[in-house]
Amino acid sequence: MTATIIDGKTIAAELRKRVAADVARVKRDHDLVPGLAVVLVGHDPASEVYVRSKHTQTQAAGMASFEHRLPDDVAQGELLALIATLNADPAVHGILVQLPLPKSLDTETIINAIDPMKDVDGLHPHNAGRLAGGLPALSPCTPLGCIILTKTVRPSLDGLNAIVIGRSNLVGRPLVQLLLNENATVTIAHSRSRDLARLCAQADLVYAAVGRPEMVRGDWIKPGAVVIDVGINRMPGDDGRTRLVGDVAFAEAREVAGAITPVPGGVGQMTVACLLVNTLRAACAIAGLPKPAV
Ligand code: GUN
């Protein structure tokens, strides 16, 4: 039997609909319009695509979208001044600085300058530390999306064995913390881990976030496991066009897994939807309103 395909596109669309309904509610009842500011430095083509999609989807959810584009040779002081302005702007409830930044800028300094209440990426040490401490926090969007996708096929993760392959601040590390909060037993693997295939074979839940095309093979997967593929690797296709492939060898894994996310159409769709959730949550927290239902 082949795996259930976890349809990220549909699940993300449903989540965006729920966010839009709640945005309409806070607008109507509290005169509050959640606002998201996205800062893009330079012209990285992948980042351009993400930023455009964030802008469109933020507006479609009924929120205010503020886009700030800076040249790739911008002085660090100028970017820090923009962040200070956004921190102080009452119409802005979420601030996202698109990564990666040009090498001339110090990413850590930039992220540390964002007001933690507006840190919808969940990357500020305040939020990362709270998440690691099991406290309520704004959490990174892609890991949140991974958990939501998993729960569509496994509503309870209690006691399940999970493996997270990859330890980035944006995905792997926060995902580990979210899985712990769900009472999963978590193995953290990475590029230096030995015998990944054996580690993987014990997992009921596999999260591949290493950025290596099709590294996770079908014969690594425990039959019936849930496989969440965070990888987005751009490969030259046979027809000369760019093809997106994940970190999992999809055609092999789908023959063994119980459920699997495709690339594209899996996790990627969820990241922006979860960014909208975080922006709504941040707006409610800043306004002193109860945590929204979504
Ligand atoms: N670049 C790729 N994904 C992300 C993300 O989730 N947040 C930010 N800030 N930059 C990214």
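Further up the page is the structure itself.
Below: a short report on this structure. (Residues numbered from 1 in each chain as written. Predicted model: local features only at pLDDT ≥ 70, side-chain atom pairs only at ≥ 80, totals over all residues. Heavy atoms only, no water.)

### Notes on helix H6 (residues 141-153)
Along H6, the residues classified as buried are Cys141, Thr142, Pro143, Leu144, Gly145, Cys146, Ile147, Leu149 and Thr150. Here the buried face of H6 lies against helix H1 (8-30), helix H7 (172-181), strand E7 (205-208), strand E8 (226-229) and helix H10 (267-287). (Buried < 20%, exposed > 50% of the residue type's maximum accessible area, 1.4 Å probe, protein only. Helix = DSSP H or I, 4+ residues; strand = E, 2+ residues; numbered from the N terminus. Contact = heavy atoms within 4.5 Å.)

### Focus on the side chain of Ser47
By secondary structure assignment, the location of Ser47 is in helix H2 (residues 45-60). The exposure class of Ser47 is buried, given its relative accessible area of 2%. Apart from residues no more than four positions distant in its own chain, Ser47 is found in contact with Leu40, Gln98, Leu99 and Pro100.

### Concerning H7
An α-helix turns once per 3.6 residues; consequently, residues spaced three or four apart project the same way. Taken as a whole, H7 has its buried residues at Gly172, Pro174, Leu175, Val176, Leu178 and Leu179. Buried positions along H7 lie against helix H5 (125-132), H6, strand E5 (161-165), strand E6 (185-189) and E7.

### Re the environment of Thr187
As for its placement among the helices and strands, Thr187 is situated in strand E6. C-alpha of Thr187 to C-alpha of Gly266: the two residues are 79 residues apart in sequence and 22 Å apart in space. Apart from residues lying up to four places away in sequence, Thr187 is in contact with Ala162, Ile163 and Val164.

### Brief notes about a nonpolar patch on the surface
A contiguous nonpolar patch, built from Tyr50, Ile232 and Leu244 and spanning about 220 Å² of accessible area, is present on the exposed surface. Its place among the elements puts Leu244 in strand E10 (residues 242-245). The exposure class assigned to Leu244 is partly exposed, which follows from its relative accessible area of 31%. (Patch = residues over 30% accessible without salt bridge, like charges linked within 9 Å, V, L, I, M, F, W, Y side chains within 5 Å. Areas by Shrake-Rupley, 256 points an atom, 1.4 Å probe, with all protein chains shown as cover. Salt bridge = Lys/Arg side-chain N within 4 Å of Asp/Glu carboxyl O.)

### With respect to the site of the ligand
Surrounding the ligand, one finds Leu96, Val97, Gln98, Leu99, Asp121 and Leu170. Within the backbone of Val97, one N or O atom sits 2.9 Å away from a nitrogen atom of the ligand. In this structure, a nitrogen atom belonging to the ligand sits 3.0 Å away from a side-chain N or O atom of Gln98. Here the ligand, which alone exposes 270 Å², has 85% of that area covered by the protein. (Near = heavy atom within 4 Å. Polar contact = N/O pair within 3.5 Å; in protein donor to acceptor, adjacent residues only side chain to side chain.)

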